[in-house]
Amino acid sequence: MQFSEDQINRYARHILLQEIGGEGQKKLLDARVLVIGAGGLGSPNILYLAAAGVGTIGVVDDDGVDLSNLQRQILHGTEDIGRSKVSSAAESVAKINPDVKLITHQKRLNADNAMEVIHPYHIVADGSDNFATRFLVNDVCVFKKKTLISAAILRFDAQLATYRPFPGPKGEEPGPCYRCIFQEAPPDGLTPSCAEAGVMGSLCGMVGSLQATEIIKEILGIGESMVGSLMIIDGLNTTFRKINVKRDPGCAVCGENPSITDLSIHPQI
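This report concerns the structure included in the present document.

Cut-off values and rules
- Residues numbered from 1 in each chain as written.
- Predicted model: local features only at pLDDT ≥ 70, side-chain atom pairs only at ≥ 80, totals over all residues.
- Heavy atoms only, no water.
- Phe/Tyr/Trp six-rings, centres within 6.5 Å; stacked < 30°, edge-to-face > 60°.
- Lys NZ or Arg CZ within 6 Å of the ring centre and 35° of its normal.
- Pairing = 2+ DSSP bridges.
- Helix = DSSP H or I, 4+ residues; strand = E, 2+ residues; numbered from the N terminus.
- Axes fitted to C-alpha atoms, helices over the stretch in contact; angles between N-to-C directions.
- Contact = heavy atoms within 4.5 Å.
- Buried < 20%, exposed > 50% of the residue type's maximum accessible area, 1.4 Å probe, protein only.

## Section: the packing of aromatic side chains
Alright, step 1. Inspection of the entire model under this criterion finds four aromatic pairs.
Alright, step 2. Here a set of aromatic residues connected by ring pairs shows up, and it is made of Phe131, Phe135, Tyr163, Tyr178 and Phe182.
Alright, step 3. For Arg32, the ring lying beneath its charged end belongs to Tyr121, and the centroid distance is 5.3 Å.

## Concerning the sheet that holds strand β2 (residues 56-60)
Alright, step 1. With mixed pairing, eight strands are arranged side by side in an open sheet as β3-β2-β1-β4-β5-β6-β7-β8. The sheet terminates laterally at β3 (101-105) and β8 (239-244), the two strands that pair on one side only. When the angles between neighbouring strand axes are averaged without regard to direction, this sheet yields 15°.
Alright, step 2. Its contacts with the sheet place helix α10 (residues 201-220) against β1 (32-36), β4 (123-126), β5 (147-154), β6 (157-163), β7 (229-234) and β8, and it is angled at close to 170° to β5.

## Here we look at the environment of Leu160
Alright, step 1. With respect to the helices and strands, the residue Leu160 is situated in strand β6.
Alright, step 2. Overall, Leu160 belongs to the buried group, its relative accessible area being 2%.
Alright, step 3. Separated by 82 residues in sequence, Leu160 and Lys242 have C-alpha atoms that sit 9.3 Å apart.
Alright, step 4. Beyond its immediate sequence surroundings of up to four residues, Leu160 is in contact with Ile149, Ser150, Ala151, Leu210, Gln211, Glu214, Met226, Ser229, Leu230 and Met231.

From the geometry alone we can't say anything about function, so treat these as descriptive.
This is the structure we're talking about:
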């Protein structure tokens, strides 16, 4: 692939980096990333992936833009209120980088469509706001052998991890999947939603940007992967704690004798 003069100028600061260079930028342009949710985490994630030149970005969201979203969902503006979030995302990405193809999936991910939606992508970024979707995305990524980079945020707290429960591209040991750490969703009502408990908007920007960074690292195979680690972020006290997490041999989906082998356990969310 030959870069155009515009591309050389656009990606110059990447190309100057020894760890990326021209070959790395080509990998980014060839990459296919699916982002679950065009909300608080998906917004900065999508914007930075597009700016970096990730060539194909899929976005899954069935929601419309609401005034209450704008405190943190920077993909969208006041003029987008009432539009679908995926349409607003496509317009924002087109303004940032014409090299990027944004594929919109205006639907709610469920057991009937998740396999088909996720299949064409290399990496999945989950920024959903409910446990049902997180478990569904994890299980499909295990079945399809897709690297999953998952983030979650509530009030002033956040978590970030990379899940790859299969050997890495350079023969790296498998790590845990989401279910190895979070075996099941907490009882209803125990964990409030952002709409119920609130969320600090700027923290969404920071965590979504970190998620984009980990995606880019995985595409390029550079730096230290977060496979086998869970980052816990306390935004109110500005602390970052990275803990080691291990694969569970008894995991229901990626363990030695999995009890979950298809998506029949998932409700129509």
